[in-house]
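# Observations on the three-dimensional arrangement
In case you want the letters, here they are:
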2 protein chains.
Amino acid sequence: MSAAIPDLRGARVLVTGGLGFIGSALAARLARSGAEVAVIDALIPEHGGNRRNLDGSDGRIEIATADVRDEAALKRLAAGRDFLFNLAGQTCHMDSMADPWTDLDINARAQLSILEVCRRANPGVKIVFAGTRQVYGRPDSLPVGEDHPLRPVDVNGINKLAGERYHLLYNDVYGLRSCVLRLTNTYGPRMRVKDARQTFLGEWIRLALRGKTFEVWGGEQLRDFNYVDDVVDALLLAAGSVRANGRVYNLGGERAVPLAEVAALLIETAGAGAFKVAPFPEDRKSIDIGDYHADSTRIRSELGWSPRVSLREGLARTVEFFRERLEDYA
Amino acid sequence: MSAAIPDLRGARVLVTGGLGFIGSALAARLARSGAEVAVIDALIPEHGGNRRNLDGSDGRIEIATADVRDEAALKRLAAGRDFLFNLAGQTCHMDSMADPWTDLDINARAQLSILEVCRRANPGVKIVFAGTRQVYGRPDSLPVGEDHPLRPVDVNGINKLAGERYHLLYNDVYGLRSCVLRLTNTYGPRMRVKDARQTFLGEWIRLALRGKTFEVWGGEQLRDFNYVDDVVDALLLAAGSVRANGRVYNLGGERAVPLAEVAALLIETAGAGAFKVAPFPEDRKSIDIGDYHADSTRIRSELGWSPRVSLREGLARTVEFFRERLEDYA
């Protein structure tokens, strides 16, 4: 039995990190579906939030510029919500090593605050938490299922693991219905292309569209990719499923793709740019996870999810979006 | 090949949580072995630190009353040390649920500070971290080996997991030699008997010695126990082993013992007190882990450790200690 995307007309929804790449795509989709949407986003320059991401929402979405570390703001915004999509996070692996405390504050401490606020002010809310494949660390074998050992190789992975465990704990102990999606590389319109803080692919897109040459480290390394609309589908399916409560689900791309193949496809799609394969820089090698490809059997069978947008099609849509708006994002 | 307890004469050693139950036993042992020992302890009333624990050390041990959250104090104390035994922690499962932030600050944030201080001020130090079997959550099967899935069932377990992962990460990424021991129920002289914040056994001992009746929840539940001197042995073996760097080791008792058997043995040993079996209180049941017994094969084979003090003998020594000093600790 597969779940279905819930009827969202009139649903009161809060999206943390809602001016970010995935958060804004979700918020816009929710608003189009008739939900009453608020987003909270701190617009931290190094993170994914960007006011332009909700341009055109025309007052249909309440936008609160506040930090998830701000409990008073959270309390006001979380009260009375039917759904909370918890997408606020620090995503950059390198930044988590340079400043582990900020990563801890956002990815662990603020998550506790969000859960405590909900437990006290709105225990009936349903929460979907955006986790990460980074919690697995270096895979023992591919594809990686949800029961793979958890051995994160950077501070970000450790703190994101704490964040997801808190969500499962509050589900199990307090009955605060929560579930976790472990995202893999997500790409699409509105992604961060200014640098590689969200994913290396963002940086590649900016450089390709500017006709520049970018470096691909290693080249043969395998990754899987999800187009943002497919991730939004998964978030909504999880929100609508009773079965998902207390569960962890991998998202995952249709196949594992060598990075050099992704780079070649991007350049073909953009009709510009070039890449060269270079060795992994020393400071990144120590926190690199090697090949990765998710086993997403669980979410496919339990929630009926599957990615619908191929890498080729998704890259075409993404390049199209940024072709016109690169200077707004770069 | 088994490791050996290193020659500690002249070694400069820092013990965090060094006025606590295990920390003070370790510090005293180190001082007796000729090491130059400093301890740092915040003496937080709800934690295990107690000035009496190092009575009689006669100036041989430098005692700093400071919090591991205090980076300046840490920096001064960590500089120039050969070994750091990192035992400071919040141990109470219930307190971690009532105040998850303090648990996070001590068990995760302060651990990052300790590691950052060492990385910058003393990268040659060898660190042994006191972890906990709580990171496993409810065992899938017994005995529980180090590769058992990590599914902590309380905030304390989640934060202690982050703490141990930071230690392994700093070993792997920065070459800051660290290893983790996952302790099970430890008991012995100087344990906290004022309440059940360190282990239920402490409370039982106080009540038995006062001729009172204590409650044993469930009664058939299995636990394993280590006498404190055996834990000190393990900490020293880990410190002396190159092989231990970046490794996790379970400690574990010789056998799994039903709680009612432990209670009966305690009452026999104390010659006082009584117990009655009662059902698990609701608020504890939700964070209880069920039966637990560690598989300690790894530390036995790699470090040559084995517990030498039986539960009967250990309880006798513990009861003897507290018979004379109960009012100092209760």
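Up top is the structure these notes are about.
The following paragraphs examine the structure supplied in this document. Counting from 1, residues in each chain are numbered in the order their sequence is written. Starting at A for chains and at 1 for ligands, labels are handed out in the order in which the entities are written. Only residues with pLDDT of at least 70 get local features here, since the model is predicted, and only at 80 or more are side-chain atom pairs given and counted; chain-wide, interface and lining totals rely on the full set of residues.

The next subject is the overall build of chain A. Within chain A, the secondary structure is distributed over 11 helices and 13 strands. What the globule rule says is 2.2 Å times the number of residues to the power 0.38, and the radius of gyration is computed from C-alpha atoms. Its C-alpha atoms give chain A a radius of gyration of 19 Å, near enough to 20 Å, the size a compact globule of 330 residues would have. Its C-alpha atoms put chain A at 55 × 45 × 40 Å along the principal axes. Within the span of chain A, comprising 330 residues, buried residues form 54% of the whole. When contacts within chain A are restricted to residue pairs at least 6 apart in sequence, those whose partners lie at least 24 apart make up 80%. For helices the rule is a DSSP run of H or I covering at least 4 residues; for strands it is a run of E covering at least 2, with both sets numbered from the N terminus onward. Field definition: a residue is buried when 20 or more other C-beta atoms are found within 10 Å of its C-beta, exposed when 12 or fewer are, and partly exposed for counts in between, with C-beta atoms placed from the backbone. Any two residues are considered in contact once their C-beta atoms, placed from the backbone, lie within 7 Å.

Turning our eyes to something else, we now look at the relation of the copies chain A and chain B. The copies are overlaid by a least-squares fit using only the C-alpha atoms of residues whose pLDDT is at least 70 in both copies. The two copies are related by a screw motion: chain A maps onto chain B through a turn of 180 degrees and a shift of 0.0 Å along the axis, at an RMSD of 0.0 Å. On this basis, the relationship between the two copies can be described by a two-fold rotation axis. Of the interface residues in chain A, 100% have counterparts in chain B that sit at the interface too, so the contact is made through matching surfaces.

Further remarks concern unusual backbone geometry. Residue and element names in this part refer to chain A. The amide bond that connects L142 to the next residue, P143, takes the cis arrangement and shows omega of -10 degrees. Structurally, the position occupied by P143 is in the loop between β5 (126–132) and α5 (155–174). Despite not being glycine, R190 shows a phi value in the positive range, around 80 degrees.

Below, the discussion takes up the interface of chain A and chain B. Facing the 22 residues of chain A at the interface are 22 residues of chain B. Those elements that place two or more of their residues in the side of chain A that touches chain B are α4 (100–121) and α5 of chain A. By residue class, the composition of the side of chain A that touches chain B is 16 nonpolar, two polar and four charged. Under the scheme applied here, ten amino acids are nonpolar (Ala, Val, Leu, Ile, Met, Phe, Trp, Tyr, Cys and Pro), four are charged (Asp, Glu, Lys and Arg), and all others, including Gly, are polar.

Next up on the list: the nonpolar core. By definition, a nonpolar core groups buried Ala, Val, Leu, Ile, Met, Phe, Trp, Tyr and Cys residues that connect through C-beta atoms lying within 7 Å of each other. Among the nonpolar cores identified, the biggest contains 208 residues, and A:L181, A:L235, A:A238, B:L181, B:L235 and B:A238 are the most heavily contacted of them. Not counting the four nearest positions on each side in its chain, B:A238 is found in contact with B:V128, B:C179, B:L181, B:A244, B:Y249 and B:L303.

This brings us to the pairing of strand β4 (residues 83–86) of chain B. All names here are of chain B. Burial along β4 is two-sided: F83 and F85 and L84 and N86, pointing in opposite directions, are all buried. Where strand β1 (residues 12–16) and β4 come together, four bridges link them in parallel fashion. When the bridges of β4 are listed, T16 appears paired with N86. As paired elements, β4 and strand β5 (residues 126–132) share four bridges and run parallel to each other. Looking across to β5, one finds that F83 is bridged to K126. Here a strand pair is declared whenever DSSP counts at least two bridges between the two strands.

Moving on, we come to the sheet that holds strand β3 (residues 61–65) of chain A. All names here are of chain A. The parallel open sheet is built from seven strands, whose spatial order is β3-β2-β1-β4-β5-β6-β11. Edge positions in the open sheet fall to β3 and β11 (248–250), since each of these has one partner strand only. Sheet twist, expressed as the average angle between the axes of neighbouring strands with direction ignored, equals 20 degrees. The sheet contact formed by strand β1 (residues 12–16) and strand β2 (residues 36–41) spans five bridges and is parallel. Lines fitted to the C-alpha atoms define the axes, with helices restricted to the stretch that makes contact. Angles between their N-to-C directions range from 0 to 180 degrees.

For the rest of this paragraph, the subject is the pairing of β1(A). The buried fraction of β1(A) amounts to four of the five residues, a majority that puts the element mostly inside the structure. One crossover worth recording links β1(A) to the parallel β2(A) by way of helix α1 (residues 21–32) of chain A, and it is right-handed. With strands facing away from the observer, any crossover in which the path from the first strand over the helix to the second runs clockwise is taken as right-handed.

Residues and elements named next belong to chain B. Pairing is parallel in the open sheet, where seven strands are placed in the order β3-β2-β1-β4-β5-β6-β11. Only two strands of the sheet have a single partner each, and these edge strands are β3 (61–65) and β11 (248–250). Taken over all neighbouring pairs, the strand axes of this sheet differ in orientation by 20 degrees on average, direction set aside. Against the sheet, helix α1 (residues 21–32) touches β1, β2 (36–41), β3, β4 and β5, its axis set at about 165 degrees to β2.

On to helix α5 (residues 155–174) of chain B. All names here are of chain B. The end-to-end C-alpha separation of α5 is 28 Å, in line with the 28 Å expected for 20 residues at 1.5 Å each. The buried count for α5 comes to 17 of 20 residues, which makes it a mostly enclosed element. Taken from the residues just after α5, G175 is the one with a positive phi, measuring 70 degrees. Here a helix's expected span is defined as the number of its residues, less one, multiplied by 1.5 Å.

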